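Understanding the architecture of this molecule
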Amino acid sequence: MRRDLIGALVFSSGLLAVEHAVAQSVTAGELRTYSTPQSVGVEWDVVGDGDHDAAVAVRYRPAGSATWAPAYPLFRVDFAGQNMLAGSVLFLPPATSFDVELTLSDPDGGGETRTATVATLAVPTLPTSGRTFHVAPGSGGGSGSETDPFLGIEAADAVAAPGDLILVHAGSYGGQRLLFDAAGTVGNYVAWVAAGDGPVLFDDLRIRGDYIWVEGFEISAPDNAVRNEGASVGAVLKGNRITGCHYCIHLNVGAAGWWISDNVIVGDQDPASGSFSGEGVELSHTPDH
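Quick summary incoming for the structure in this document. Being a predicted model, the structure only gives us computed values, none of them experimental.

**A look at the environment of N240**
Looking at where N240 falls in the secondary structure, it is placed in the loop between β21 (236–238) and β22 (241–245). Linking N240 and N263, residues 23 residues apart in sequence, is a C-alpha distance of 4.8 Å. Leave out the neighbours within four places in its chain, and N240 touches V214, E215, G216, F217, D262, N263 and V264. At 2.9 Å, the side chain of N240 and the backbone nitrogen of F217 are in polar contact.

Here it is as structure tokens:
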């Protein structure tokens, strides 16, 4: 009995020692910010705070405004060696600068207030100042005019430059893996857009250049329908119908900052099977989309 009591006291005092050891003040570390067209993201590293009772209150305002609005507080992240608080300010207008004030506090001591100015991203827009070309199914030739279109994607891709709008006319461009290679620049895409005269059909589409815009296509592939091949920054995939695929939009290392919106994606799994194999949009190992 006495030995059990002593053991319980030793165990209890050990717990108290552990609790006392982890109740430590917080020290602010590196602050990182990110943005999308409708949100601002924050990651704030901290040192200490072993008992995880530190908190960060958030408020924001249009840059330079006198009026602040509250936002959700940051949440605690302690995973894979990270020690931080993180979160987002949501439902913001695009292409706007905001002051974001972050107040770190801890009942055990420490804390700091920092203000970061972060701009939300602009919604991508089609180029208006470049050339307009036309392309139809085929295997080479044509001048790119409406009456004499380029025949095949490769022929048009060979002359495309930043700011060009390439209207892709109805028909099947399948039977082979097609590579979109000619790159645009920031805000000045090479834009491939369905011409609107009927379905534009692809079997297998790969994007390699930066700032390439793909809109209005019907893409069907049994495995990977749309992928990047190597580095590809800032691509836009908009308003496409992608079907029959196991990994429908599947990005590799090297892709970054893509805009993926308003696509219809129908995979190859029967919902009744209960299988979760495959992905509609797989962005693993790639940032800033």
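Now, onward.
**Focus on the sheet that holds strand β4 (residues 69–71)**
If you trace the four strands from one edge of the open sheet to the other, you get β4-β3-β7-β8, paired in antiparallel fashion. Two strands in the sheet have a free side with no partner beyond their single neighbour: β4 and β8 (111–119). The average angle at which neighbouring strand axes cross in this sheet is 25°, direction not considered. Examined bridge by bridge, strand β3 (residues 55–62) and β4 share three bridges and lie antiparallel to one another. Looking at β4, one finds that R59 is bridged to P70.

**Remarks on the layout of surface pockets**
Quantified by volume, the largest pocket comes out at close to 700 Å³. Taken together, the elements giving at least two residues each to the lining of the largest pocket come down to β1 (26–36), β2 (39–48), β6 (82–89) and β25 (259–261). For the lining of the largest pocket, the class distribution of residues is 18 nonpolar, 12 polar and two charged.

**Here we look at the state of the cysteines**
The final tally for this structure, using the stated rule, is one disulfide. With its sulfur 2.0 Å from that of its partner, C245 forms a disulfide with C248. Negative torsions about the S-S bond denote left-handed disulfides, and the value of about 95° found for C245 with C248 makes this one right-handed. Each member of the pair C245 and C248 is classed as buried.

**A look at unusual backbone geometry**
Across the chain, the bulk of peptide bonds are trans and the bulk of non-glycine residues have phi less than zero. Its identity is not glycine, yet D49 carries a phi of approximately 55°, on the positive side. D49 sits in the buried class, given a relative accessible area of 0%.

**Details of the packing of aromatic side chains**
Scanning the model with the defined rule gives eight aromatic pairs in all. Look at Y189 and Y211: their rings are 6.1 Å apart centre to centre, the planes differ by 65°, and that puts the pair in the edge-to-face class. Here Y189, found in the loop between β13 (178–180) and β14 (190–194), pairs with Y211, found in the loop between β16 (205–207) and β17 (212–215); they are 22 residues apart in sequence, far enough to count as distant. Look at Y189 and you get buried, because its relative accessible area is 8%. Taken together, Y173, F180, W192, F202 and F217 form an aromatic cluster joined through their ring pairs.

Quick notes on the rules
- Each chain has its residues counted from 1, following the order in which its sequence is written.
- Since the coordinates come from a predicted model, pLDDT governs what is reported: local features require at least 70, and pairs of side-chain atoms require 80 or more to be given and counted, while whole-chain, interface and lining totals use all residues.
- Note: side-chain values were computed over all heavy atoms of the structure, leaving out hydrogens and water.
- Under the DSSP-based scheme used, a helix requires at least four consecutive residues in state H or I and a strand at least two consecutive residues in state E, with every element numbered from the N terminus.
- We call two residues in contact when some of their heavy atoms are within 4.5 Å.
- Polar contact is defined as a pair of N or O atoms within 3.5 Å, subject to the rule that within protein one atom must be able to donate a hydrogen and the other to accept it, and that residues adjacent in sequence are counted only when both atoms are side-chain atoms.
- Whether two strands pair depends on DSSP finding at least two bridges between them.
- Every axis corresponds to a line fitted to the C-alpha atoms, with the helix fit spanning only the stretch in contact, and the corresponding angles, defined between N-to-C directions, vary from 0 to 180 degrees.
- Cavities and pockets are found on a 1 Å grid laid over the protein atoms alone: a cavity is a set of points where a 1.4 Å probe fits but cannot escape, a pocket is an open set with protein on both sides within 12 Å along at least five of seven lines, and a lining residue has an atom within 4 Å of such a point.
- Grid points are joined across faces, edges and corners, and a volume is the space filled by probe spheres set on the points.
- Each residue is assigned to one class: nonpolar for Ala, Val, Leu, Ile, Met, Phe, Trp, Tyr, Cys and Pro, charged for Asp, Glu, Lys and Arg, and polar for all the others, Gly among them.
- The rule for a disulfide is simple: a pair of cysteine sulfur atoms within 2.5 Å.
- Categorising residues by exposure relies on relative accessible area from a 1.4 Å probe, with only protein chains included: less than 20% of the type maximum marks a residue as buried, more than 50% marks it as exposed, and the intermediate range marks it as partly exposed.
- Stacked, tilted and edge-to-face pairs are distinguished by plane angle, under 30 degrees for stacked and over 60 for edge-to-face with tilted covering the rest, among Phe, Tyr and Trp rings (Trp via its six-membered ring) whose centres lie within 6.5 Å.

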